[in-house]
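Okay, here's what each chain looks like letter by letter:
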Amino acid sequence: MSASDLTPDRLVRLGFGFRESKTLLSAVELGVFTALGEGALDLDDLRQRVGIHSRGARDFFDALVSLDLLTRDNKGCYANTPMCAQYLDRTKPDYVGGELEFANARQFGPWGKLTEALRTGAPQSGARGTANYAAYYSDRQVLENVARGMSGGTRPVADRLAECFPWRDHNTLIDIGTAQGCLPVRIASAHAHITGGGFDLPPLRDLFETYVGQHGLSDRLRFFAGDFFADPLPPADVIVMGRVLHNWNLSEKIALLRKAYDALSEGGALIVYERLIDDERRTNTAGFTASLNMLVMTGGGFDFSGADCKAWMKEVGFQRIETTPLTAVQSMIVGRK
Ligand SMILES: C[S@@+](CC[C@H](N)C(=O)[O-])C[C@H]1O[C@@H](n2cnc3c(N)ncnc32)[C@H](O)[C@@H]1O
């Protein structure tokens, strides 16, 4: 490319990317896609349904049209695009908006202070320890939204994991940091011989038990309440840690890997899945920004590459460690005891 071909367009687009992001996050917060779940609405009906002032309403809904999140017909009625109808309507089982609601409510503010976090190395979320779960969970509504949001993010990973791991070679599964239990539910639904459950902080118990009961799996999956730093992990043939390690600092990460190793049966497997940074540390922007999110939100958390995790697992004693992509954004690292 010659100097005369250069334009600043990409820089400007990137720099103002927060405007598009916040337009989507506010639409999720206001329930725009849920309001349209039963059918198209005109400007005034949609505005009233989601409770916004007339001044910004037309630009807001038309911005969503321009982002291909809504359509508008020639009578001026707005409707969901198929993607938003499936994934952003709160009444749908595939709803992924819980994580976006969490990002909007908890992360957007602290990200406004990214520069401060970079200058000081200190979280901007009010976190005191490495991560802040106990504080979030004191608010029941936040707890329910976070747990539901995590299921939205876990489901595609769990479905892929149900297909591509040799479950027939193992009988028991414990998911560490299980939230509502989406992962063990999807695996146990696909493999009738699997038993076990999920381990998480005590406030998650009734959400887990309700969710597992709704899927008819209460006889095979149970909740193990505990603090994974203070308590031993339940024994199992397969232990899963999904999107757990990134919350913690290096010594905490290694302590968790060691606990998993101790809890596994001989020949058992640990499956770690995360949004991994590429080993060359050059291309995976989503991995780097996830790690910056840990900087802003936690006292010591950071994301990592498959090579980083392999080295830590090797240090703890795992063997035959392999990295495999699961979805477009998440990969797993499997190590054997
Ligand atoms: C980022 S979420 C990941 C949830 C799920 N595995 C997923 O992939 O969607 C981290 C989970 O770890 C749990 N957790 C955090 N601190 C914990 C602790 N000290 N002991 C047990 N679980 C903990 C949280 O409650 C939460 O469910």
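Residues numbered from 1 in each chain as written. Predicted model: local features only at pLDDT ≥ 70, side-chain atom pairs only at ≥ 80, totals over all residues. Heavy atoms only, no water.

1. Let's talk about the sheet that holds strand β2 (residues 70-72)
Strand pairing in a sheet is mediated by backbone hydrogen bonds. Such pairs are either parallel or antiparallel.
Step number 1: Within the open sheet, the 3 strands sit side by side as β1-β3-β2. Their pairing is antiparallel. The open sheet has two edge strands with one neighbour each: β1 (41-42) and β2.
Step number 2: In this structure, β2 lies alongside strand β3 (residues 77-80), joined through 3 bridges in antiparallel fashion. For arginine 72, the partnering residue across the bridge sits in β3 and is tyrosine 78. (Pairing = 2+ DSSP bridges. Helix = DSSP H or I, 4+ residues; strand = E, 2+ residues; numbered from the N terminus.)

2. A word on the site of the ligand
Step number 1: By nearness alone, 18 residues border the ligand, and Tyr137, Thr154, Gly177, Asp200 and Arg243 come closest of all.
Step number 2: Backbone polar atom of glycine 242 to a nitrogen atom of the ligand: 2.9 Å apart, as the coordinates give it.
Step number 3: Within the side chain of tyrosine 273, one N or O atom sits 2.8 Å away from an oxygen atom of the ligand.
Step number 4: For the ligand, whose free accessible area comes to 590 Å², the fraction covered by protein is 95%. (Near = heavy atom within 4 Å. Polar contact = N/O pair within 3.5 Å; in protein donor to acceptor, adjacent residues only side chain to side chain. Areas by Shrake-Rupley, 256 points an atom, 1.4 Å probe, with all protein chains shown as cover.)

3. A word on the environment of histidine 191
Step number 1: Within the secondary structure layout, histidine 191 lies in the loop between α11 (182-190) and β5 (195-200).
Step number 2: A sequence separation of 29 residues divides histidine 191 from alanine 162, and the C-alpha atoms of the two residues are 7.8 Å apart.

4. As for the domain arrangement of the chain
Step number 1: Its domain assignment divides the chain into domain 1 (3-87) and domain 2 (102-336).
Step number 2: Spacing between the C-alpha centres of domain 1 and domain 2 amounts to 32 Å. (Domains from an automatic or database assignment.)

5. Focus on the pattern of salt bridges
A side chain with one charge can pair with a side chain of the opposite charge if their charged atoms come near.
Step number 1: For the coordinates displayed, the defined rule picks out 12 salt bridges.
Step number 2: Between arginine 243 and glutamate 99 there is a salt bridge whose closest N-O contact spans 2.9 Å. Taken together, the residues arginine 243 in the loop between β7 (236-242) and α13 (250-263) and glutamate 99 in helix α7 (residues 97-111) connect sequence positions 144 residues apart.
Step number 3: For aspartate 206, the salt bridge identified is with arginine 140, shortest N-O distance 3.0 Å. One end of the pair, aspartate 206, is in helix α12 (residues 205-214); the other, arginine 140, is in helix α10 (residues 140-164), with 66 residues separating them in the sequence.
Step number 4: By relative accessible area, aspartate 206 is classed as partly exposed at 36%. (Salt bridge = Lys/Arg side-chain N within 4 Å of Asp/Glu carboxyl O. Buried < 20%, exposed > 50% of the residue type's maximum accessible area, 1.4 Å probe, protein only.)

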